[in-house]
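Observations on the three-dimensional arrangement
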Amino acid sequence: MIELTKTGIDGLDAILNGGIVTNSTTLVSGNPGAGKSILGLQYIYNGVEQFDEKGIYLSFEENESDLREAAESIGFDKWPEFVESGDIKVYDKQVLLRENDFSSSLELLLDDLEDDKYDRLVLDSLTMFELFFEDETEKRTYLLKFTDILNNNGLTSLLTNEQGAVFPDTDIGLENYLTDGNIYLIQTPTDTGVNRYVWVAKMRKQDIETDIYPMEISWGGIKVHENASAFSMMSEEDSPI
Ligand SMILES: Nc1ncnc2c1ncn2[C@@H]1O[C@H](COP(=O)(O)OP(=O)(O)O)[C@@H](O)[C@H]1O
Ligand SMILES: [Mg+2]
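Everything quoted here is computed from the prediction, not taken from an experiment.

Looking only at helices and strands, one finds nine helices and eleven strands in the protein chain. For the protein chain, contacts bridging at least 24 residues in sequence account for 70% of all contacts bridging at least 6.

This is the structure we're talking about:
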């Protein structure tokens, strides 16, 4: 039996056939505003709130106060409490970018990464993390080293990734091959706002639903609609009703 880690996100665990494979690393890709950071916050928050699993949140993009405000704005009320109690350990951009190379940053984290008490980790974002490296070879080496450390220490991790196109013209980035799973968040503009979708493109060792499902971001976070037909793919203007 493969052990699964539930995201606790409505609808997402169902299309993942139960959850993310425990001790694996999943890439969450999408363009700016697609919901990657919210998915990360929600995964860590739900871990503590619903499953009694502690988490580490690494942000190369935001300060601790920005993260708290983002979490509270969407209804993760107990985020500050969980950070205070140590159930959520935050390393924000101020801390992470203080070091000027990856090895020293990793040194800061290592004790916590190796600590059994944490089960979940989010790194937001890989795109910023990669700025530490000079070339593709160095990046590949460290990314492999990093994902090995995560998996060997019992962490089930989400790495977010800025990606403009779901089907890029150029080669798919190496990070897509170095991770066990691949989730894309997609947004398409409409007259009134955006339509949002989630696509689980790959999940090693798991039989998953590979259709594209509609999702929404609102109070309480992300909700995935498992029944695609209950949700119009057309903008209201094009709808026959
Ligand atoms: N409190 C909220 N209520 C409703 N929608 C929100 C809220 N907070 C953020 N969003 C939506 O989520 C989007 C941002 O998601 P985010 O996770 O920051 O994107 P990404 O990290 O992929 O750039 C915003 O563009 C906004 O539309
Ligand atoms: Mg973000």
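Close to ligand 1 lie Gly30, Pro32, Gly33, Ala34, Gly35, Lys36, Ser37, Ile38, Ser73, Ile74, Ile217 and Ser218, which account for all nearby residues. Elements with a minimum of two residues in the shell around ligand 1: helix 2 (36–51) and strand 10 (212–218). It is helix 2 that provides the largest number of residues to the shell around ligand 1, a total of three residues. When grouped by side-chain class, the residues that make up the shell around ligand 1 number five nonpolar, six polar and one charged.

Moving on to unusual backbone geometry. Trans is the prevailing form of peptide bonds, just as negative phi is the prevailing case for residues other than glycine. Cis geometry marks the peptide bond from Asp124 to Ser125; its omega dihedral reads 0°. The residue Ser125 is located in the loop between strand 6 (118–124) and helix 7 (126–129) in this model. You will see that Asn23, though not glycine, has its phi angle at about 70°, which is positive. With a phi close to 55°, Asp52 is a non-glycine residue in the positive phi region. With respect to the element layout, Asp52 can be found in the loop between helix 2 and strand 4 (54–59).

All right, on to the pairing of strand 10 then. Judged from the four bridges that link them, strand 9 (residues 194–203) and strand 10 form a sheet pairing that is antiparallel. Looking at the pairing, Tyr197 lines up with Pro214 of strand 10. Strand direction decides the pairing type here: strand 10 and strand 11 (residues 221–224), joined by four bridges, are antiparallel. Bridge pairing in strand 11 places Met215 opposite Val224.

The next subject is the confidence of the model for the protein chain. Caution applies to low-pLDDT regions: their predicted coordinates should not be interpreted in detail. Model confidence for the protein chain is summarised by a mean pLDDT of 89, while 88% of its residues fall at 70 or above. Below pLDDT 50 for its whole length, residues 229–241 participates in ten contacts with residues either more than four positions away or in separate chains.

For strand 7 (residues 156–162), the tally of buried residues reaches six of seven residues, placing the bulk of the element in the interior. Here strand 3 (residues 25–30) runs beside strand 7; their pairing, made up of six bridges, is parallel. Opposite Val28, over in strand 7, you have Thr160 as the bridge partner. Both strand 6 and strand 7 contribute to a ladder of four bridges, which runs parallel. Residue pairing for strand 7: Arg120 is matched across the bridge by Thr156.

Criteria and cut-off values
Residues numbered from 1 in each chain as written. Chains lettered and ligands numbered in written order. Predicted model: local features only at pLDDT ≥ 70, side-chain atom pairs only at ≥ 80, totals over all residues. Helix = DSSP H or I, 4+ residues; strand = E, 2+ residues; numbered from the N terminus. Contact = placed C-beta atoms within 7 Å. Near = placed C-beta within 6 Å. Nonpolar A, V, L, I, M, F, W, Y, C, P; charged D, E, K, R; others polar. Pairing = 2+ DSSP bridges. pLDDT = per-residue confidence, 0-100. Buried ≥ 20, exposed ≤ 12 C-beta atoms within 10 Å, placed from the backbone.

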